[in-house]
Amino acid sequence: MTLTDAQNEIAVLTQKINYYNTEYYQNSNSIVSDYDFDRLLERLIELESNFPELRLPDSPSMRVGGTITKDFETVYHKYPMLSLGNTYSADELMEFDKRIAKALEEQSYSYFCELKFDGVAISLTYKDGVLDMGVTRGDGVRGDNITDNIKTIRSLPLRVKGKPLSANFEVRGEVFMPKEVFEQLNATKVQQGEVPYANARNTTSGSLKMQDSSIVAQRKLDCYLYSLLGENTGVTSHSTAIAQLESMGFNVSQTYSKCKDINEVLDYIQKWETKRHELPLETDGIVIKVDSVEQQQQLGFTAKSPRWAISYKYKAEDALTVLKNITYQVGRTGAVTPVAELEPVLLAGTTVKRASLHNANEIARLDLRIGDTVSVEKGGEIIPKITGVQLEERPDDAVTVQYISHCPECNTELVREEGEAAHYCPNSDGCPPQIKGRIQHFIQRKAMDIDSLGERTIHQLFESGLVKSPADLYQLTFEDVYQLEGFKELSSNNLLKGISASKQVPFENVLFALGIRFVGKTVAEKLAAHFRTIDGLSSANYEELIAVPEIGERIAQSVIDFFGSDQHRREVDRLKEVGLQMETLVKEMVIESHALEGKSFVVSGVFSNYGRDELKEHIKKHGGKVVSSISGKLDYLLAGDKMGPSKREKAEKLKVTILSEQEFENMLKEDNA
Ligand code: IVH
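Below is a summary of the structure that appears in this document. (Residues numbered from 1 in each chain as written. Predicted model: local features only at pLDDT ≥ 70, side-chain atom pairs only at ≥ 80, totals over all residues. Heavy atoms only, no water.)

**Overview of the overall build of the protein**
Alright, step 1. Counting secondary structure elements, the protein contains 25 helices and 22 strands.
Alright, step 2. Taking 673 residues into account, the globule formula puts the C-alpha radius of gyration at 26 Å, and the protein, at 28 Å, falls close to it.
Alright, step 3. With respect to the three principal axes, the spread of C-alpha positions in the protein is 95 × 80 × 50 Å.
Alright, step 4. Within the protein, buried positions represent 47% of all 673 residues.
Alright, step 5. In the protein, the proportion of contacts linking residues at least 24 apart, taken out of those at least 6 apart, comes to 67%.
Alright, step 6. Once the 79 positive and 100 negative side-chain charges of the protein are each reduced to a mean point, those two points are 2 Å apart. (Helix = DSSP H or I, 4+ residues; strand = E, 2+ residues; numbered from the N terminus. Rg over C-alpha atoms; globule rule 2.2 N^0.38 Å. Buried < 20%, exposed > 50% of the residue type's maximum accessible area, 1.4 Å probe, protein only. Contact = heavy atoms within 4.5 Å. Lys, Arg positive; Asp, Glu negative; His and termini not counted. Charge placed at Lys NZ, Arg CZ, Asp CG, Glu CD.)

**A few points about the site of the ligand**
Alright, step 1. Near the ligand you find 14 residues, and of these Glu114, Leu115, Phe117, Glu174 and Lys289 are the closest.
Alright, step 2. In this structure, an oxygen atom belonging to the ligand sits 3.3 Å away from a main-chain N or O atom of Leu84.
Alright, step 3. The separation between a nitrogen atom of the ligand and a polar side-chain atom of Lys289 is 3.0 Å.
Alright, step 4. For the ligand, the cavity whose grid points lie within 2 Å of the majority of its atoms is the second largest pocket. (Near = heavy atom within 4 Å. Polar contact = N/O pair within 3.5 Å; in protein donor to acceptor, adjacent residues only side chain to side chain. 1 Å grid on protein atoms, 1.4 Å probe; cavity = no way out; pocket = protein on both sides within 12 Å on 5 of 7 lines; lining within 4 Å. Sits in = over half its atoms within 2 Å of the grid points.)

**Some points on helix H9 (residues 262-275)**
Alright, step 1. With 14 residues, H9 should cover 20 Å at 1.5 Å per step; its first-to-last C-alpha distance of 20 Å lies within 8% of that length.
Alright, step 2. On its buried face, H9 is in contact with helix H3 (90-103), strand S3 (111-117), strand S9 (257-259), strand S10 (283-290) and strand S11 (309-313).
Alright, step 3. Its side-chain oxygen placed 3.1 Å from the backbone nitrogen of Asn263, Asp261 serves as the N-cap of H9. (Expected span 1.5 Å × (residues − 1).)

**Things to note about unusual backbone geometry**
Alright, step 1. Even without being glycine, Arg532 reaches a positive phi, approximately 70°.
Alright, step 2. Mapped onto the elements, Arg532 comes out in the loop between helix H18 (521-531) and helix H19 (534-538).
Alright, step 3. Positioned with a positive phi, Lys655 is a non-glycine residue whose angle comes to about 60°.
Alright, step 4. Structurally, Lys655 is set in the loop between helix H24 (645-653) and strand S22 (657-659).
Alright, step 5. The exposed category is assigned to Lys655, whose relative accessible area is 73%.

**Structural notes on the pattern of salt bridges**
In a structure, side chains of opposite charge can pair up when their charged atoms sit close to one another.
Alright, step 1. With the rule as written, the count across this model stands at 23 salt bridges.
Alright, step 2. Residues Arg369 and Asp367 are paired through a salt bridge, measuring 3.3 Å at the closest nitrogen-oxygen approach.
Alright, step 3. What you see here is one network of salt bridges that share partners, running through Asp367, Arg369, Asp372 and Arg394. (Salt bridge = Lys/Arg side-chain N within 4 Å of Asp/Glu carboxyl O.)

**Re the layout of surface pockets**
Alright, step 1. The volume enclosed by the second largest pocket comes to roughly 1300 Å³.
Alright, step 2. Arg172, Tyr226, Ser227, Pro306 and Trp308 are, among the 42 residues lining the second largest pocket, the residues nearest its centre.
Alright, step 3. Elements with a minimum of two residues in the lining of the second largest pocket: S3, strand S4 (120-127), strand S7 (168-176), strand S8 (222-229), helix H8 (238-247), S10 and helix H10 (293-299).
Alright, step 4. For the lining of the second largest pocket, the per-class residue count stands at 20 nonpolar, twelve polar and ten charged. (Points joined across faces, edges and corners; volume = space filled by probe spheres on them. Nonpolar A, V, L, I, M, F, W, Y, C, P; charged D, E, K, R; others polar.)

**Observations concerning the sheet that holds S10**
Alright, step 1. As summarised here, the arrangement of the five strands in space is S2-S11-S10-S3-S9, forming an open sheet in which the pairing is mixed. Each of the sheet's edge strands pairs with one partner strand only, and the pair in question is strand S2 (86-87) and S9.
Alright, step 2. Here seven bridges tie S3 to S10, and the two strands are oriented antiparallel to one another. Looking across to S10, one finds that Tyr111 is bridged to Val290.
Alright, step 3. Sheet strands in contact with H8 are S3, S9 and S10, and its direction is about 55° off that of S3. (Pairing = 2+ DSSP bridges. Axes fitted to C-alpha atoms, helices over the stretch in contact; angles between N-to-C directions.)

**Structural notes on empty space enclosed by the protein**
Alright, step 1. Across all of its chains, the model carries three cavities of 30 Å³ or more by this definition.
Alright, step 2. Put simply, the largest cavity is a space of about 50 Å³.
Alright, step 3. Elements represented by at least two residues in the lining of the largest cavity include exactly S3 and S8.
Alright, step 4. The residue inventory of the lining of the largest cavity, partitioned by class, reads six nonpolar, two polar and one charged.

**Focus: the pairing of S7**
Alright, step 1. When you tally the buried positions in S7, you get eight out of nine residues, the bulk of the element.
Alright, step 2. In the sheet, S4 pairs with S7 via eight bridges, with the strands oriented antiparallel. Across the sheet, Tyr126 pairs through a bridge with Phe169, a residue of S7.
Alright, step 3. Judged from the seven bridges that link them, S7 and S8 form a sheet pairing that is antiparallel. What sits directly across from Val171, in S8, is Leu228.

**What to know about the pairing of strand S16 (residues 373-378)**
Alright, step 1. Pairing of strand S12 (residues 317-330) with S16, which is carried by six bridges, proceeds in the antiparallel orientation. In the sheet register, Thr321 faces S16, and the bridge partner there is Val374.
Alright, step 2. Of the pairings in the sheet, the one linking S16 to strand S17 (residues 385-389) comprises four bridges and is antiparallel in character. Across the sheet, the residue bridging to Val376 is Ile386, located in S17.

**Quick look at the nonpolar core**
Alright, step 1. In this structure, Phe442, Met448, Leu473, Tyr474, Leu511, Leu527 and Val559 are the most contacted members of the largest nonpolar core, which totals 51 residues.
Alright, step 2. Formed by 35 residues, the second largest nonpolar core is a distinct cluster that contains Val175, Ala200, Leu225 and Ile242. (Core = buried A, V, L, I, M, F, W, Y, C linked by side-chain atoms within 4.5 Å.)

**Things to note about the packing of aromatic side chains**
The description of an aromatic ring pair rests on the distance of the ring centres and on the angle between the ring planes.
Alright, step 1. Applying the stated criterion across every chain, the model contains 18 aromatic pairs.
Alright, step 2. Here Tyr268 and Trp272 contribute two aromatic rings whose centre-to-centre distance is 6.3 Å and whose plane-to-plane angle is 50°, an arrangement assigned as tilted. Taken together, the residues Tyr268 and Trp272, both in helix H9 and four residues apart, mark about one turn of the helix.
Alright, step 3. Since its relative accessible area comes to 4%, Tyr268 is described here as buried.
Alright, step 4. Seen in terms of ring centroids, Phe478 and Tyr482 are 5.3 Å apart; in terms of plane orientation they differ by 20°. Their pairing is stacked. Within this pair, Phe478 and its partner Tyr482 are both found in helix H15 (residues 478-482), separated by four residues, close to a single helical turn.
Alright, step 5. What makes Phe478 partly exposed here is its relative accessible area of 26%. (Phe/Tyr/Trp six-rings, centres within 6.5 Å; stacked < 30°, edge-to-face > 60°.)

**Details of the side chain of Asn199**
Alright, step 1. Topologically, Asn199 is positioned in the loop between helix H5 (179-191) and helix H6 (200-208).
Alright, step 2. A polar contact of 2.8 Å, which involves the side chain of Asn199, links it to the backbone nitrogen of Asn202.

The following block contains the structure:
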């Protein structure tokens, strides 16, 4: 291929990808399947790596990351990044208004209200309309150059729409991880037996500082912009700045409002007090800005913050209670989580008895003592958290917390790996909650689907010494089960039948059931489809693993570690011997019914009982058709958890019926009945 050919193809690809991106992110319109989109992007990346001189700074290939930055360069901000004064009541806000009125003397003025987004502040410089640099707030004077990580934010224009209003300008805003993405990330962590992240803001901040931008790309960060700075921007008020940002293609939260006086500001505050919880990110208040730029200049700044703006913080719901004890939970992978046991207290409509403490650092940071009166808050976090200690109420006999050094379940000495906040119990083969957790994981519906086994029975089987690993399940005899408390002839037979039937579940389920770290159901499907046999997978090297689409470094390493353990290999061999499916059968599709004949489906999100591919297979087996994009002709959008909001919006707009997993299952049941 000649340089000119490559140049032409790159230009065509870039134009197409940018068009699809704009349609998707600005207009919520998905006109191309994820698969086709990825193919275009892959081709672009391929060409750019063959002809690196043709890679442009605003190439959409930057979205997928791939660069590694060891140390971020320090960059001075052209204009310092200040903070805002806070107010907590209408009275304080009225005082702010009085100060403004006084300083502006007889002039009339108006306000502009926005929500206060709880993300990570960012400054972006554009040169001739192209994103040149993204810098963190840092200490307000200088921050870190995290441009490559910033470029992975898909809603952020790498080149602005239209003719740039001035050669150089700066925009500022807030990077955030949408709640849905955060919850999904945490669900995956929990599924893999790891400690979930505490909140979206810290996770965003951590993500932005990651060295490998391809991992940042997977974090699906988003960004709202709210400031436009620079010379000759033609901006005369904050309203015009916002309009300008919008017309340049920046993502501006559509929650702002111009308010003609402080009373309208108070209405705005009231309007968003509860409605803000419907937004895709956490907000903790509102920001009130004097609209006119000229008046902003007259009002000026204090050392730390502008006089023309202030924030109003909503009260986080909190309560005071007593810390009675700290207990420790051990998860499937051995991760230890400290839990605060509290004197029950009513908070935001529910009784709270426990709060998460995350890890040892958090306990030290709060300087917690047993017997302390603590404030508990239900903010952005899912589980309530302890936000502080009432030192003046500390009893004389309050006991300093000594973080445990040994596992509360098996007494093995805990380890803490470098760079990790959590302690782990390394005794994975002898520690009861880890063993039971693995069996629980193994039998779940998405895995071996042994529904005749429940948590209680697993506990009994473990306690009686009959089952210490999933493979032991297949050695159980009638006598073994019959002697367990509560088991009769029929229930014993049922249990064994369920275990035996699981020998037929397909290889991808078995692979997921093994509980390899980072290998969720969808990843297991990909690995099973690619390697076809357990031997193929267990002997694959790192390069072979990362060559599989959607398999990244972390997963590859984890698979290698798993099969590197003799113990794991022995367990897999035992499972193989008893007859579990260890290879992908070339399936001839058996049509099970015509229940979905003539109906088309888009499948999106995460499902509790199926992997995505499995669900698609299921639809086809019942005569349905699976398509990739939402159009007016589509019959159903099968929506799992964590489906992107734009898909839902689009389906609603086009009046496509949205089905939940449960509704879908019912639909098949009804038809079979
Ligand atoms: S305007 C002089 N608008 O709040 C600072 N800031 O406490 C002007 N923030 O560092 C900032 N939402 O990270 C502004 N709608 C909004 C905001 C907002 C969140 C953050 C921003 C800033 C901090 C100041």
